[in-house]
Amino acid sequence: MLKLRRVAFWVLLIFILTLGLMGCGKSTTQPTASEGKEKLKVAFIYIGPVGDAGWTYAHEQGRKYLEQHVPDIETKIVEKVPEVDGEKVATQLVQEGYKVIFATSFGYMDGIINVAKKYPNIIFLHCSGYKTAPNVGTYFGRMYQARYLSGIVAGKMTKTNKIGYVAAFPIPEVVRGINAFTLGVRAVNPKATVNVVWTNTWLNPALEKDAAKSLLEQGCDIITQHQDSPGPMQAAEEKGAYGIGYNSDMSKYAPKAFLTAPVWNWGPYYVKVINEIKEGKWKSSQYWGPMSDGIVGLAPFSKAVPEDVRKLVEEKKQLILSGKWDVFTGPIKDQKGEIRVKDGERMTDQAMLSFDWFVEGVQGTIPAKK
Amino acid sequence: MSNSRFVNRFRLRVEKQIHTSPWISLLIPFTSIVLALLVGAVFLSLTGNNPWKVYGVMFKGAFGSVFGLSECVVNAIPLLMTGLAVALAFRMLLWNIGAEGQFYMGAFAASWVALSFPHAPMYLVMPGMLLAGFAGGAVWGLLPAVLRAFLGVNETLTTLMLNYVAILWVDSLVYGPWRDPQGYNFPLTAQFSSAATLPTLGNTRIHAGVFLALAAAVVIYIILKHTVWGYEIRVIGESQKAAKYAGINVVKNILLVMLLSGGLSGLAGYCEVAEITHRLQESISAGYGYTAIIVAWLGKLNPWAIMVVSFLFGGFLVGGYTMQSAGLPAATVSILQGAILFFVLAGEVLTRYRICVVERRNDR
Amino acid sequence: MSEVLVDMRSITKRFPGITANYKVNFQVYRGEIHALLGENGAGKSTLMSILSGFYRPDNGEIRIRGKKVNLRSPREALKHGIGMVHQHFRLVEPFSVAENIILGTTGRLQFYLNRREFADRIARFAQSYGITIDPWAKVWQLSVGEKQRIEILKLLYRGADVLILDEPTAVLTPQNVRELFQTLRQMADNGRSIILITHKLQEVMEAADRITVLRKGRNVGTVFKKDVDERELTRMMVERDVLFCTTNPSHDIGPAVLRLEGISVVGDGGIPALKNLSLEVHAGEILGIAGIAGNGQRELAEAVTGLRPVAGGRVIVGGQDLTNQPASRFIEAGVSSVPEDRLGTGLVSNLDLYDNVILKDYRKPPIRRGPFLNHRVAREKASRLVSEFNIQVSDLSYPVRMLSGGNLQRLLLAREISLQPKLIVASYPVRGLDVGATEAVYRLLIELSNAGTAILLVSEDLDELLTLSDRIAVLFRGELMGVVPAREAEIEKLGLMMVGALTVEGRRA
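Since the structure is predicted, the reported quantities are computational estimates derived from the model, not experimental observations.

A separate point is the overall build of chain C. A count of helices and strands for chain C gives 16 helices and 22 strands. For chain C, buried positions account for 45% of its 509 residues. Here the analysis covers contacts within chain C between residues at least 6 apart in sequence; of these, 68% occur between residues at least 24 apart.

So, about the overall build of chain B. Across its full length, chain B carries 14 helices and 2 strands. Looking at the 364 residues of chain B, the share that counts as buried comes to 51%. Here the contacts in chain B between residues at least 6 apart in sequence split such that 79% fall between residues at least 24 apart.

Once that is clear, we can look at the pairing of strand β14 (residues 312-317) of chain C. Residues and elements named next belong to chain C. Inspection of the sheet shows strand β11 (residues 256-266) paired to β14 by 5 bridges, in the antiparallel sense. When the sheet's bridge partners are listed, Ser-264 is paired in β14 with Gly-312. Two elements, β14 and strand β15 (residues 320-321), share 2 bridges in a ladder whose sense is antiparallel. Note that in β15 the partner of Ile-316 across the bridge is Asp-321.

Turning to the sheet that holds strand β19 (residues 423-427) of chain C, a few remarks are in order. All names here are of chain C. Pairing within the open sheet is mixed, and its 6 strands lie in the order β16-β19-β20-β13-β21-β22. Edge positions in the open sheet fall to β16 (335-338) and β22 (479-485), since each of these has one partner strand only. The mean inter-strand angle of the sheet, taken between neighbouring strand axes irrespective of direction, is 20 degrees. Across 4 bridges, the pairing between β16 and β19 is parallel. Of the residues in β19, the one forming a bridge with Ser-337 is Val-425.

Glancing now at the domain arrangement of chain C. All names here are of chain C. Here the domain parsing of chain C yields domain 1 (4-238), domain 2 (242-334 + 421-509) and domain 3 (348-420). For domain 2 versus domain 3, the distance between C-alpha centres works out to 26 Å. With 12 residues of domain 2 in contact, the opposing surface of domain 3 contributes 10 residues. For the side of domain 2 that touches domain 3, the leading source of residues is helix α14 (residues 435-450), giving 5 residues. Of the residues that constitute the side of domain 2 that touches domain 3, the class distribution is 10 nonpolar, 1 polar and 1 charged.

Further remarks concern helix α9 (residues 267-278) of chain A. All names here are of chain A. Compared with the 16 Å implied by 1.5 Å per residue over 12 residues, the 16 Å span of α9 between its first and last C-alpha is a close match. Within the span of α9, buried status applies to Gly-267, Tyr-269, Tyr-270, Val-273 and Ile-274. Mapping the buried residues of α9 onto a view down its axis gives an arc of 160 degrees, with all of them on the same face. Gly-280 sits one or two positions beyond α9 and adopts a positive phi of about 75 degrees.

As a further point, take the interface of chain C and chain B. On the chain B side, the residues contacting the 24 residues of chain C number 19 residues. Every element with two or more residues in the side of chain C that touches chain B is listed here: α10 (327-332) and β18 (372-373) of chain C. It is α10(C) that provides the largest number of residues to the side of chain C that touches chain B, a total of 3 residues. Each residue belonging to the side of chain C that touches chain B can be placed in one class, and the counts come to 14 nonpolar, 6 polar and 4 charged.

Residues and elements named next belong to chain A. Looking at where Asn-265 falls in the secondary structure, it is placed in the loop between β11 (262-264) and α9. Asn-265 sits 207 residues away from Ala-58 along the chain, and the two C-alpha atoms are 6.9 Å apart. If sequence neighbours within four positions are ignored, Asn-265 has contacts with Gly-294, Ile-295, Val-296 and Gly-297.

Ranked by size, the top nonpolar core spans 359 residues in total, and within it A:Ile45, B:Leu84 and C:Leu456 carry the most contacts. When residues in this core are grouped by element, the largest group, 14 residues, is from helix α4 (residues 66-91) of chain B. For C:Leu456, the residues in contact, after removing those within four places along its chain, are C:Leu258, C:Val281, C:Leu287, C:Ile289, C:Val304, C:Leu423 and C:Val425.

Residues and elements named next belong to chain C. Overall, antiparallel pairing links the 4 strands, which are arranged β2-β1-β4-β5 in an open sheet. Each having just a single partner strand, β2 (18-29) and β5 (67-69) make up the two edges of the open sheet. Neighbour-to-neighbour, the strand axes of this sheet turn through a mean angle of 25 degrees, independent of strand direction. With 3 bridges connecting them, strand β4 (residues 59-64) and β5 associate as antiparallel partners. Within β5, the residue paired with Ile-64 across the bridge is Lys-67. On top of the sheet, helix α1 (residues 44-51) reaches β1 (4-15), β2 and β4; it is set at about 120 degrees to β1, its chief contact.

Here we take up unusual backbone geometry. Between A:Gly330 and the following residue, A:Pro331, the backbone shows a cis peptide bond with an omega angle of 0 degrees. Within the secondary structure, A:Pro331 sits in the loop between α10 (307-322) and β14 (332-333). That bond from C:Pro365 to C:Pro366 is cis: its omega, 5 degrees, falls within 30 degrees of zero. Checked against the element boundaries, C:Pro366 lands in the loop between α11 (353-357) and β17 (368-369). The phi dihedral of A:Asn247 falls on the positive side, at around 80 degrees, and the residue is not glycine. Within the element layout of this structure, A:Asn247 appears in the loop between β9 (242-244) and β10 (258-260). Not every positive phi belongs to a glycine, and C:Asn390 is a case in point at roughly 55 degrees. Within the element layout of this structure, C:Asn390 appears in the loop between α12 (375-388) and α13 (405-418).

This part takes up the packing of α4(B) against helix α8 (residues 209-226) of chain B. Residue and element names in this part refer to chain B. Closest axis-to-axis distance for the α4/α8 pair is 9 Å, and the angle between their directions is 20 degrees. In terms of axis orientation, α4 runs roughly parallel to α8. Both α4 and α8 take part in a crossing whose hand is left-handed. Residues Val-73, Ile-77, Leu-80, Met-81, Leu-84, Leu-88 and Arg-91 of α4 lie in contact with α8, whose contacting residues are Gly-209, Val-210, Ala-213, Ala-216, Ala-217, Ile-220 and Leu-224. Taken together, the residues of the contact of α4 with α8 sort by class into 12 nonpolar, 1 polar and 1 charged.

All names here are of chain C. For β1 and β4, the ladder comprises 5 bridges, and the chain directions are antiparallel. The residue of β4 that forms the bridge with Arg-9 is Glu-61. Here β4 folds back onto β5, and the loop between the two strands holds 2 residues, one of which, Arg-65, carries a positive phi near 50 degrees.

Turning our attention to the environment of A:Lys156. Of note, A:Lys156 is situated in helix α5 (residues 143-157). With residues up to four places along the chain from it excluded, the contact list for A:Lys156 reads A:Val188, A:Asn189, A:Val309 and A:Leu312.

Let us look at the packing of helix α5 (residues 99-116) of chain B against helix α12 (residues 288-298) of chain B. Residues and elements named next belong to chain B. Orientation of α5 relative to α12, taken along the N-to-C sense of each, is 135 degrees, at an axis distance of 6 Å. In terms of orientation, α5 lies oblique with respect to α12. Relative to α12, the crossing made by α5 is right-handed. Where α5 approaches α12, its residues Ala-99, Glu-100, Gly-101 and Phe-103 are matched on the opposing element by Tyr-288, Gly-289, Tyr-290 and Ala-292.

Another point: the environment of C:Tyr362. Here C:Tyr362 lies in the loop between α11 and β17. For C:Tyr362, a count of 20 C-beta atoms within 10 Å translates into the label buried. Residues C:Tyr362 and C:Phe372, spaced 10 residues apart in sequence, show a C-alpha to C-alpha distance of 9.8 Å. Setting aside residues no more than four positions away along its own chain, C:Tyr362 makes contact with B:Val228, B:Tyr231, C:Ile367, C:Arg368 and C:Leu373.

All names here are of chain B. Taken over all residues, the pLDDT of chain B has a mean of 85, while the share at 70 or more is 88%. For chain B, helix α1 (residues 3-9) is the element with the lowest average pLDDT, namely 48, and α5 is the one with the highest, namely 96. Across residues 1-7, confidence stays below pLDDT 50; counting only partners more than four residues off in sequence or on other chains, it has 1 contact.

Scored by pLDDT, chain C comes out at a mean of 84, with 91% of its residues at no less than 70. Prediction confidence for the complex, expressed as pTM and ipTM, is 0.75 and 0.78 respectively.

About the cut-offs
- Residues numbered from 1 in each chain as written.
- Chains lettered and ligands numbered in written order.
- Predicted model: local features only at pLDDT ≥ 70, side-chain atom pairs only at ≥ 80, totals over all residues.
- Helix = DSSP H or I, 4+ residues; strand = E, 2+ residues; numbered from the N terminus.
- Buried ≥ 20, exposed ≤ 12 C-beta atoms within 10 Å, placed from the backbone.
- Contact = placed C-beta atoms within 7 Å.
- Pairing = 2+ DSSP bridges.
- Axes fitted to C-alpha atoms, helices over the stretch in contact; angles between N-to-C directions.
- Domains from an automatic or database assignment.
- Nonpolar A, V, L, I, M, F, W, Y, C, P; charged D, E, K, R; others polar.
- Expected span 1.5 Å × (residues − 1).
- Arc of directions from axis to C-beta.
- Core = buried A, V, L, I, M, F, W, Y, C linked by C-beta atoms within 7 Å.
- Parallel < 35°, antiparallel > 145°, perpendicular 65-115°, else oblique.
- Left-handed = near helix turned anticlockwise from the far one by under 90°.
- pLDDT = per-residue confidence, 0-100.

Right, dumping it as C-alpha cells:
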C-alpha cells in the first residue's frame, strides 16, 4: 500500500497555476491626473449599492454631476455601508485625508455627530437628518412637492379610483410623501383613495414587487412607491397597470407602465455647497431645498400621460415654484375627517418633519400608532 | 501503463486525522490564507486591479494605524462575546445559532433599564443595565433550551426562528412606544443619560466592553478547563451516552449552558447600546450573531483562539471598507472576503481530515 | 447438485481492533434459500456487505457463476446480479412505488417517462412473483411489510438473482413473516438464490434449505437443514473452544447486594424487553446471564445501573430502594459497570486518559475542590491506574481512542474497580479481545469477586459463563428461563433454555 500526504503537492500545484494566471492579468494603474493645485477631497458614504436604480443611484448621479462641474476636486465613494458602520467609515475617510464628507442616509446621524466632534476641521453634510454642529450641516429636499404633482397625474388617470402606494418604513419622510401624493390625487379626484402597504425595506426588489402585486390584486390600477428598487414598477408592467416611480427615471424598467416619477436631482446642490466650501463661505445649516432650487422634480412624462394632465400639473408646478402656495396648506383633514390644518394656514416645517398621521383619502395605518 | 489504468490503481481516501501535529495545524490555516489571497489576486487582476496595491490598502487600513487597530477591537468586542457564547453551546453539541436574537434581547433589556431610569446615578444604572442585558439574552437562550430539554425540539430551528422574533420585537418598539418624542418620529429611542454610557478609551471608540469581553473569555476558559461543570459540558459534548452513564444530568446542563450562552450574547447587545449607539434602534447588530458562528468554528471552540480570530475578523471587516475607498466596488470586496473565508474554512477541514492516496488491492 | 452462483473463498476482513471475517468460505447454489446464522458480531453482515460491494475484503476472492469478480461498489455487485435489502429501507418516501423502482435503473438520463406504461409494467412484473402492489401508491403510505416487498422488487427489477436479506423479519409481524417466506420460496423456485441473514433459529428451520453458521468471524460449518435440529445449531453458534484454564475457586457468598423484584422494562422500540424478572446477586458471587443476544440482556444491564427506567417492580441495591433513581444515585450506591459499548459509553473516545479516569468520581473530593477540578489528583489517579493495571499507553494526554481494545477494557475496568464497587455489571467484557487481554480481564473479575464484590456478568459465551460464574441465569425473550448453579449446569440444557425450549423449575426469586 502506498500512502502519501498530498497536501503539500496540491498547494504547490495551485500556487504555480496561480502565478501563471497572474501573468496574464493586466495591471491597470491609472495615471494620477494633473498635479499642481491642491485638490479638495470629497467623499460620499452610501447606504446601498450605486446600481440600485433608486436612492443611492440618484446620489451617485449627483456626484458625477459635481465632478463634471467643479474643477480641482477628487471624489470617492464607499457603498453598502450599514448604518452602524457609518462612524467607522467616516473616521476612516477623514484619516485618508478627505475634507468634506457626505453621509447619505438618515441612520448615519449619531455617528457623524460623533466623528465631527473629533475632527472640527472637516465638514460633514448629512442627508435627511436633524442634528447639526458647527461643522455638520444637513440637507434634504422638499420631495413632497414633486409627490403632490405626481399625485395629480395618478388622480387623473386612475379608472378604478384605487391607487396603490408601496411604502418603505413608517417614518415621517415616508408618511409625508404619502400625504402629499394623496392631496394631489384628491385635488383632482375626490373619490379616489390611496392604499398603503408597508414593506419595511428600502431595497428588497422581490418583496417590494410582491407588495405591489398584492395592491394590484386588490383592484389598484396605479402603483407608486417609496423604495429604491424598480420592483413595484415591474409588477405594474406585468399587470398592464400604470406606475409612478421614485428617486430616478425608472422608465427603462417598465416602459409601458411608467408614467413619471418624483426624482431627486442632487447635482446642483452638491455643486453649490462645494463651491461655498471652496470659497470659505460655507456655514452649518439645515437645508431643506424646495423644488424651485431644482433639487426635486418630476421625471419626463411618458407618452401615456395626456396633454390635459400635463397642463394641469404644469399649472400647479408654477404655483408651487412661485412660493405663493405650498402642498400642506389648509384645510387638511385627517383620516377621521377632523380638520388638522385650518383653512389658509400653512404647516410649519417642524410639523411636516414629524408627520405621524395620514390625511383623508389614505387607506392604511401607521403600524406603530394605536 | 495507460492513464486510466493508473487512475484505477489508486484512489483517494479521506480519513479523520488521528492526532493533528502542531505544525500542521499552524501550516494549514497559513497556507489557506495565502491561497485565498492568491486566488483573490487572480480575480483582482482579471477585473483590472492591482492586487498587491489592494492588499496593501486592506492590510494598512485594518492594522496600519491606531484608528484601524482600534476599530478592529471595536468590531472584535461583540464578535468575541457572541463567539464565546456560541462556542460554549457548540461544545455541548447544542447548535445555538440564535446569538443574533439573544444579542437583540440583551440590547432591548438593557435599554429598558436605561430608558426607565433616566435620572438614576451611574452606580445603579450601569449594573442594572448589565444584569438586564444578561438576563434578556439568557431568557432568549433558555426558551429553546426548555423546548429541547423537555420536548426534544431541535434547537437549531428554534434559535434561528427566535432571531426574527427578537429583531422584529425591537423594531416594533423603536417604531412605536419607545420612539423618542424629540426625534421627529424617527425610529430611534431617546439617547441614554450619560450615567448609562461609559467613556471610551482616548480618542478611539474602544469602550469598557472590551474588559467585559476579555473577562468573559477568561471565565469561559476556566469553566471549561478547570471546573466540574466544564468537565460535564465536555463529556456531554463528546458523548451523551457516556454522560448518562456517568450520571450527568444532561437536561440540567442544557438549560444552564443555554442560559449562559444566551446571557453572553445579551451582554454583547448591552455593550452595543450602552457604548456604541447610546440608544436602541433598528439593525443594531451588523450580523454579529451569525459571524460569531464562523468565529467560534475557526477558533475551534477554544476561548483563546476565538479571541485571536475575532480580532482578525474585526480587521477583515474594517479592511473591507478601506478596499472600497481604494476604488473597489462593494461587490468585489464581498467576493474577495467570501473567497478568503472559503479557503480558511476548507483548510480547517484539512486539519481535521487527511487525504491519502491508496493503492487498490486485489486488482489485476 | 445445481449450479454454484456465488463462491466466496477465504475471505478475510479486518477493522481496527477486530477481525470481522477470517478465511471464510461461502457458497450459494442457484435456487436455494441459504441462511447465514450467527450471533451479533459474528461477522454475518460484514461478509454480506463484502458480497454486495459495500466493503472490500482484505484477502480472498469472490467468484460469481465461476468467474472471478472485483466488486467495487453496490452498483457493480448489482451488475453481477447481487442485491441486498438492508434493515433500514432505502426508499424515497414521497415517491410512488413505480418511481422508486425505476429510480436509478436507467443508465442515461431519460427526460420523458411514460408513467402509465411503466406502472403497468411494474404491476405485471410484481404479479409474476406473486406480489400484488399498487404502482401508484406513495411509499410513505405503505406498511413496513409492503415497503420490504418494494425493496425486493426493486432488486429483482434490476436483474438481481442473488438476493441478500439482512434480518428481514426483525420488523415484521408473524403473518408478514409467513408471507415473506412464501414469496422467497416462490422466487427460489424460479431459480433465484436467497441469502437470509438472521440469528433466529425458528426462522432458519422454517425457511432455509441450507445453513451456514458463523462464529467469531469464522465459518463453523455449512449444513443442510434436514440434517440438523435447533439444538445442534445452537451448539454451533455459541460453543467455543476452551481457551483458558482459569477457574473460579470456591469462596464465601455473602448477603444479597442486588435484588430485582419482579421488574419489567420497556425496550427502545416500545416493546417489553424484560417481563417480571426477579434475581439476586450476592456479595462475592458471579452471576452469569446467558442468552442469545437481543433477549433482554442489554435492558437488564441498563436497568440495574439506572440508565433505563423500570415500568414495574423494584431495584434494590445494598438494601436501598433505587427504583427509577437517577444513574448518579446508583454510582453513589456502589454500582460500577462495564458497558457493552466500551468506547462511546464506558469511555469518552476524544477525551484524554486523565479525563476518562475521573468520569465516575469527578463529583467527589479529592478530585473535586469546590466548583473546581483538581487536575493534580486526577493525574495521580491516572498514572496510578496505568501502572497498577499495566495499561500500555504512550502518552496520557492522547485521546483514549488511540488505545487498543485490550487496553481500553483494562482502563475501563481499572476505573470501575477503583471506585471500590459493591456490584459490577459487566456486559460482554471480553468481546473482541485477544487471548492475553481476555485472561487479564477474567483474572480481574475473579479477584474482585474473591474480595467480596457482587458481579453480574452478561455474556453470550457459555464456556466463559461456565468457567467464571457461580450461578447462571438464562434469559429468553425477556423472561427468566431459570437459574442453575454453574457446577451442575450442562451445556445442552442451557442451550435449550436459551431457545426457550426448557424452563428450569424452582427458579430462585
